[in-house]
Each structure stands twice: as C-alpha cells, then as structure tokens.
Amino acid sequence: MSDLLVSIRRARAEDALALSRVFEASWRDAYQGIIPGVPLERMLARRSPKWWRSTIGRGRPLAVLDVGEGVVGYVSYGRCRDRSLPADGEVDELYLAPEYQGLGFGRRLFRAARNDLQDRELTRVVVWALRDNERACAFYRRLGGRQIAEVEERIGGAQLGKVAFLFR
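Residues numbered from 1 in each chain as written. Predicted model: local features only at pLDDT ≥ 70, side-chain atom pairs only at ≥ 80, totals over all residues. Heavy atoms only, no water.

S.K.: Which residues make up the overall build of the chain, and what values go with them?
M.R.: A count of helical and extended segments in the chain gives five helices and seven strands. Element order for the chain, N to C, with α for helix and β for strand: β-α-α-α-β-β-β-α-β-α-β-β. The C-alpha radius of gyration computed for the chain amounts to 16 Å, which stays within 12% of the reference 15 Å derived for 168 residues, consistent with globular compactness. Seen through its principal axes, the chain has C-alpha atoms that stretch 45 × 40 × 35 Å. For the chain, contacts bridging at least 24 residues in sequence account for 62% of all contacts bridging at least 6. For the chain, the computed accessible surface area is about 9,200 Å², with 47% contributed by carbon and sulfur atoms. Averaging the positions of the 29 positive and the 22 negative side-chain charges in the chain gives two centres separated by 3 Å. (Helix = DSSP H or I, 4+ residues; strand = E, 2+ residues; numbered from the N terminus. Rg over C-alpha atoms; globule rule 2.2 N^0.38 Å. Contact = heavy atoms within 4.5 Å. Areas by Shrake-Rupley, 256 points an atom, 1.4 Å probe, with all protein chains shown as cover. Lys, Arg positive; Asp, Glu negative; His and termini not counted. Charge placed at Lys NZ, Arg CZ, Asp CG, Glu CD.)

Encoded structure:
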C-alpha cells in the first residue's frame, strides 16, 4: 500500500511548465465547444511556461495542488477587482487537470484560497464562471455560492455570458 502525499503550497518558478500543462488540459476540457476554436488556441498559446514564470510571485497569490507526482491544479486569488460587486476578495482562477477532477481536490483548493483570504480579512469572496460551463457553475453552487451578477463578454467573436457567485 502506498500513500499519496497531497499538498497545497505557493507556486514556485519551477512549477511554470506544470502550470502551463494544467492550464492547457483543463481549458481544453472545460471550454471546447464554448470558446470558439481559434480564440481558444490563442488563449492557450499565451499561457506558456514563460508567462507562468513571470506571473509567479508578481502580486496576486497563486497556490498549486501538488499530489506527489507534480502540480495537477492551481488557484489564483486576491482582492476583488470589481468595486461594483459586494465582495472584497476574489478567486480569479481555479483549475485542475481533468483526471483529478471530481475527487474533492477542487474543494480543497477553494477552501485553501478562502482561508487565506479570510486571514487577510477578505470574507466576502466572488468567483466568475462562464455561464455555459455548467460543470463549474454547479461546482460553485454546491460550495454555497449564490449568483449575484451576470454579464456578457465578447471572446473571439462570440458573445459569452459570465456569472458571478458570491461566498460569505
């Protein structure tokens, strides 16, 4: 019998390649058929290991889920960037490699980000998700998020709805 060591820790520069891989795999899985093909490919190409190296430690916290085999997920968060929302904190991105979804790791990453935000006295937290990403919307509802806003955003020529979920 072997034990799997699971940790959530701050991202380091040496995580850049793994973050790029997680980003690409999770975005292909989540957004294929939602974000048009060419714009999706452009977004994926922008998040190279070089981009991740420059992002790590630049300001907003970035935590990774390391399962002993390497980084398989991440969460980016910080102060809420939209002052019109009744929130002081925000989870910008939370993604897991597809093979690690549905195992409770997303919940653990979200809880870690919320705990860190609460330690910074940011207790009302907002998360945005594409409306057509039903899996993400269901995930945030199961965690107790309440839909508080909806906007339309143009991505690659397509008009896509985004939904904001508030956590208190």
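S.K.: Can you break down the nonpolar core residue by residue, with the values?
M.R.: One finds Val75, Val91, Phe110, Tyr140 and Phe167 to be the most contacted residues of the largest nonpolar core, which totals 28 residues. Ignoring anything within four residues of it in the chain, the contact list for tyrosine 140 reads Leu94, Phe110, Val127, Ala129, Gly145, Phe165 and Phe167. Listed in part, the 24 residues of the second largest apolar core include Ala16, Leu44, Ile56 and Leu62. (Core = buried A, V, L, I, M, F, W, Y, C linked by side-chain atoms within 4.5 Å. Buried < 20%, exposed > 50% of the residue type's maximum accessible area, 1.4 Å probe, protein only.)

S.K.: Lay out the environment of arginine 146 with the relevant residues and their values.
M.R.: Counting through the fold element by element, arginine 146 comes out in strand β6 (residues 146-155). Sequence spacing of arginine 146 and leucine 166 is 20 residues, and the spatial spacing of their C-alpha atoms is 5.2 Å. What arginine 146 contacts, discounting residues up to four positions off in sequence, is Ala164, Phe165, Leu166 and Arg168.

S.K.: Before we move on, can you summarise the sheet that holds strand β1 (residues 7-10) with the specific residues and values?
M.R.: Read from one edge of the open sheet, seven strands run β1-β2-β3-β4-β5-β7-β6, paired in mixed fashion. Two strands in the sheet have a free side with no partner beyond their single neighbour: β1 and β6. Going across the sheet, the axis of each strand differs from the next one's by a mean of 25°, ignoring polarity. With three bridges connecting them, strand β4 (residues 89-96) and strand β5 (residues 125-130) associate as parallel partners. From the neighbouring strand, glycine 89 faces β5, where its bridge partner is valine 125. Where helix α1 (residues 16-31) meets the sheet, its contacts fall on β2 (62-66), β3 (71-79), β4 and β5, and the angle it forms with β3 comes to roughly 85°. Where helix α4 (residues 105-119) meets the sheet, its contacts fall on β1, β2, β3, β4, β5 and β7 (158-167), and the angle it forms with β4 comes to roughly 155°. (Pairing = 2+ DSSP bridges. Axes fitted to C-alpha atoms, helices over the stretch in contact; angles between N-to-C directions.)

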